[in-house]
Structures are given as structure tokens and as C-alpha cells.
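For reference, the chains in residue letters:
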Amino acid sequence: MRIAVEPPFAQNQPSGVRISKGGHAVSHSRQRAGSIPAWPATALAKDYPKGCLIPRHRHKRGQLIYAASGVMQVTTREGIWIVPPQRSLWVPAAMPHEIRMEGHVAIRTLYLDRAAGALLGGHCRILAITDLLRELILAMVGAHGAGDVQRMRMMLPLLLHELHGADEAAIHIPTPSDPRLNKVCGRLLADPSRADTLDQLAQQVGASSRTLARLFESELKMGFARWRQHVRLARALSRLHAGASIKSVARDAGYASCSAFCVMFHRVMGVTPASYGRRTPA
């Protein structure tokens, strides 16, 4: 596994610094002298290889993480978040998180100061990215790279307005604290295709199915079937990006037919598996 190291409270500016750790050369960026007061938002554009892991870290600014291409898995104390190209993840300031690349991922990130970030809230949120939002994010990344403070300041209000009204179609896998539920979730995360019923899983961890059903609702705020659906969808996104056929993805996700899988996929993602494709990073 390739590991990218991010410094605590990184500002992540585009001027690069090379840091070598564990045999891997990793690119970082640093704040340009005197630029902190001028920027209400800063930006980073970086590509990562499949399997790369950015270990647990945090930032002083809130972070809007957008994958121009590829699928990311972001883990915070609020759970596991799957971020495909049609979505972005808002990570509030000082929220510890790690990022795992499910394939080759082109990340375009905006770091918002506390005044701007306050409009997006204090919890992680998956936000749907419209064509306008996508172009705004890419344009702001470009403006920051070019040192164009005025252009970024002009675009920021529109970005915040569009984000405030963005749909939330979360591919969110909350994680539990109860040890019995944690065992069940761990087994399903390790193998999403397993077809165990809640009764069978309950027997394996020494709990009743009624107890597990109650824990899913109280701790994870969703039922067992919906939680497993999110886990299977997360695996499906990664496999579709890797070029697997819809038939094999549907089978591995535990669906008896492609049509049933396609209905679920369209309901959650808003597009069919066939039309779900890569976007070219800018």
C-alpha cells in the first residue's frame, strides 16, 4: 500500500515541497509568505494512485473534497464516506479523517476559512455536484494556482450559494460503538457479498436479531438492509470504475438480477450503472 503523509492542520497550498518517508516521495504544499490574510479559500489539485492512503490528519480550515475522477473512501469519527465523481465531501475544520483511494483518483480540494465554512455546518456531508458546481470548483482551483485572489473572491459567494442548495444523496456507512454490532459490520465490510440474514449474524456474535435491529436504528440511524445496501453500493462504485461488467458487479453485490441492481443504483446515484463513468480531471 502506498501512503501519502499529510501534516497536521495542513494548509495545502500549490507550491510544492518534497517529503520522503518510508521509501515513498510525497508531495506537499506550503503557504506562501504573507498570503494567509488575503485568501478566504485556498486550493489543492493532486492525483493519487490506486490504493494510496492519506493517514488520519486534520486541517485548520474546512475542506471540500471533490474527486474529478475516481472513487475515494473517507473515514471520520462520523463513519465511512464514499465519494465518487458526482459527489463531494464537506469535512469541517479540525475534523480528523483519513482518505483511501479506491482507484486512480484526481482530487480537487478547496479549503474554506471559518466564516465561509460555517455556512456548510459542523458535520460531514456528501453533496451532489452539479455541472455549475464542478466548473466553479475547478475554476477556483485554477485561480488559486495562478495567484488570482480577486477572481477567487468573486467566485466564492456563488460557490457557497450553490453548495447551500445542493442535494444530499449520501453514500455514508456509519460505524458503531457497540462491540456486537461492530463485529457484524466488520464482517460485512470485509465481504459485502455475503448473504447472511440478521438472524444468522446475530447468532455469530451472541446477540438476538431484535437487539441488533435496535442497535442499527439507535447507533447507525438506519436499518440493517439499508446499511448493507450502502456497503454494497460502495464496493460497486469501485468495481465499475475498475471496468468490471454490470453483471459481475450486480452478482458480487448480492443481487439476483442486473435489473434489481440497476434500479437500486439509479435510485441512490441518480444515473444508471451504464451511464456512470469517469470524468476527466482538469
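Up top is the structure these notes are about.
Below is a short write-up of the structure. Source: prediction; values computed, not measured.

Before going further, it helps to spend a moment on the packing of aromatic side chains. The way to describe two aromatic rings as a pair is by their centre distance and the angle between their planes. Applying the stated criterion across every chain, the model contains 4 aromatic pairs. A ring pair is formed by Phe216 and Phe224, whose centres lie 5.5 Å apart and whose planes are at 65°; its orientation type is edge-to-face. Across the pair, exposure class does not vary: Phe216 and Phe224 are buried alike. Ring plane angle 50° and centroid distance 5.8 Å describe the contact between Phe261 and Phe265, whose orientation is recorded as tilted.

Right, let's get into the sheet that holds strand 7 (residues 79-83). The strand order 4-9-6-7-12 describes an open sheet built from 5 strands, whose pairing is antiparallel. Each edge of the open sheet is held by one strand with a lone partner, namely strand 4 (53-57) and strand 12 (172-173). Where strand 6 (residues 72-76) lies against strand 9 (residues 97-101), 5 bridges are found, and the strand directions are antiparallel. For Gln73, the partnering residue across the bridge sits in strand 9 and is Arg100.

Strand order in the open sheet formed by 5 strands is 3-10-5-8-11, and the pairing between neighbours is antiparallel. Only two strands of the sheet have a single neighbouring strand rather than two, namely strand 3 (41-48) and strand 11 (125-128). Across the sheet, the mean angle from the axis of one strand to that of its neighbour is 25°, orientation sign disregarded. Strand direction decides the pairing type here: strand 5 (residues 62-69) and strand 8 (residues 87-91), joined by 4 bridges, are antiparallel. Its bridge partner lying in strand 8, Ile65 is registered against Leu89. Together, strand 3, strand 5, strand 10 (105-112) and strand 11 form the strand contacts of helix 3 (residues 149-164), whose direction differs from that of strand 10 by roughly 100°.

Look at Ala94: it is not a glycine, yet its phi comes out positive at around 70°. Tracing the chain through its elements places Ala94 in the loop between strand 8 and strand 9.

Moving on: the side chain of His172. Tracing the backbone through its elements, the reader meets His172 in strand 12. Engagement of the side chain of His172 in a polar contact is seen with the backbone oxygen of Glu78, the distance being 2.9 Å. In this view, His172 contacts Glu78, Gly79, Ile80, Trp81, Met222 and His230; residues no more than four positions away in its chain are not counted.

This next bit is on the nonpolar core. By size, the foremost hydrophobic cluster in this structure holds 36 residues, and its most contacted members are Leu212, Phe216, Trp227 and Leu237. Residue assignment for this core shows that the elements contributing at least two residues are strand 7, helix 4 (179-190), helix 5 (198-205), helix 6 (209-220), helix 7 (224-241), helix 8 (246-252) and helix 9 (258-269). With 8 residues, the top contributor of residues to this core is helix 7. Once residues lying within four places of it in the same chain are set aside, the contact partners of Phe216 are Leu181, Val184, Cys185, Leu198, Lys221, Met222, Gly223, Phe224 and Trp227. The next biggest cluster of nonpolar side chains, apart from the first, holds 29 residues, and it includes Ala41, Ala68, Leu110 and Ile129.

Turning next to the pattern of salt bridges. Inspection of the entire model under this criterion finds 6 salt bridges. Note that Asp47 and Arg108 form a salt bridge whose closest N and O atoms lie 3.2 Å from each other. Note that Asp47 is positioned in strand 3 and Arg108 in strand 10, a separation of 61 residues in sequence. Of the residues examined, Asp47 reaches a relative accessible area of 41% and is grouped as partly exposed. Between Asp196 and Arg194 there is a salt bridge, with the nearest N and O atoms lying 2.9 Å from each other. For Asp196, a relative accessible area of 13% corresponds to the buried category. What emerges from the salt-bridge pattern is a single network uniting Arg239, Arg251 and Asp252.

This part takes up the side chain of His57. Mapped onto the fold, His57 is located in strand 4. A polar atom in the side chain of His57 sits 2.8 Å from the backbone oxygen of Pro55. Polar contacts involving the side chain of His57 include one to the side chain of His59, which spans 3.1 Å.

Its 15 residues give helix 2 (residues 131-145) an end-to-end C-alpha distance of 21 Å, which sits within 8% of 21 Å, the value for a rise of 1.5 Å per residue. In this structure, the buried residues of helix 2 make contact with strand 3, strand 5, strand 10, strand 11 and helix 3. Trailing helix 2 by a residue or two, Gly147 shows a phi angle of about 70°, which is positive.

All right, on to the environment of Ile99 then. Along the chain, Ile99 falls in strand 9. Under the relative-accessibility criterion, Ile99 is labelled buried at 3%. Separated by 25 residues in the primary sequence, Ile99 and Val74 place their C-alpha atoms 4.5 Å from one another. In this view, Ile99 contacts Cys52, Leu53, Ile54, Ile65, Met72, Gln73 and Val74; residues no more than four positions away in its chain are not counted.

About the cut-offs
Residues numbered from 1 in each chain as written. Predicted model: local features only at pLDDT ≥ 70, side-chain atom pairs only at ≥ 80, totals over all residues. Heavy atoms only, no water. Phe/Tyr/Trp six-rings, centres within 6.5 Å; stacked < 30°, edge-to-face > 60°. Buried < 20%, exposed > 50% of the residue type's maximum accessible area, 1.4 Å probe, protein only. Pairing = 2+ DSSP bridges. Helix = DSSP H or I, 4+ residues; strand = E, 2+ residues; numbered from the N terminus. Axes fitted to C-alpha atoms, helices over the stretch in contact; angles between N-to-C directions. Contact = heavy atoms within 4.5 Å. Polar contact = N/O pair within 3.5 Å; in protein donor to acceptor, adjacent residues only side chain to side chain. Core = buried A, V, L, I, M, F, W, Y, C linked by side-chain atoms within 4.5 Å. Salt bridge = Lys/Arg side-chain N within 4 Å of Asp/Glu carboxyl O. Expected span 1.5 Å × (residues − 1).

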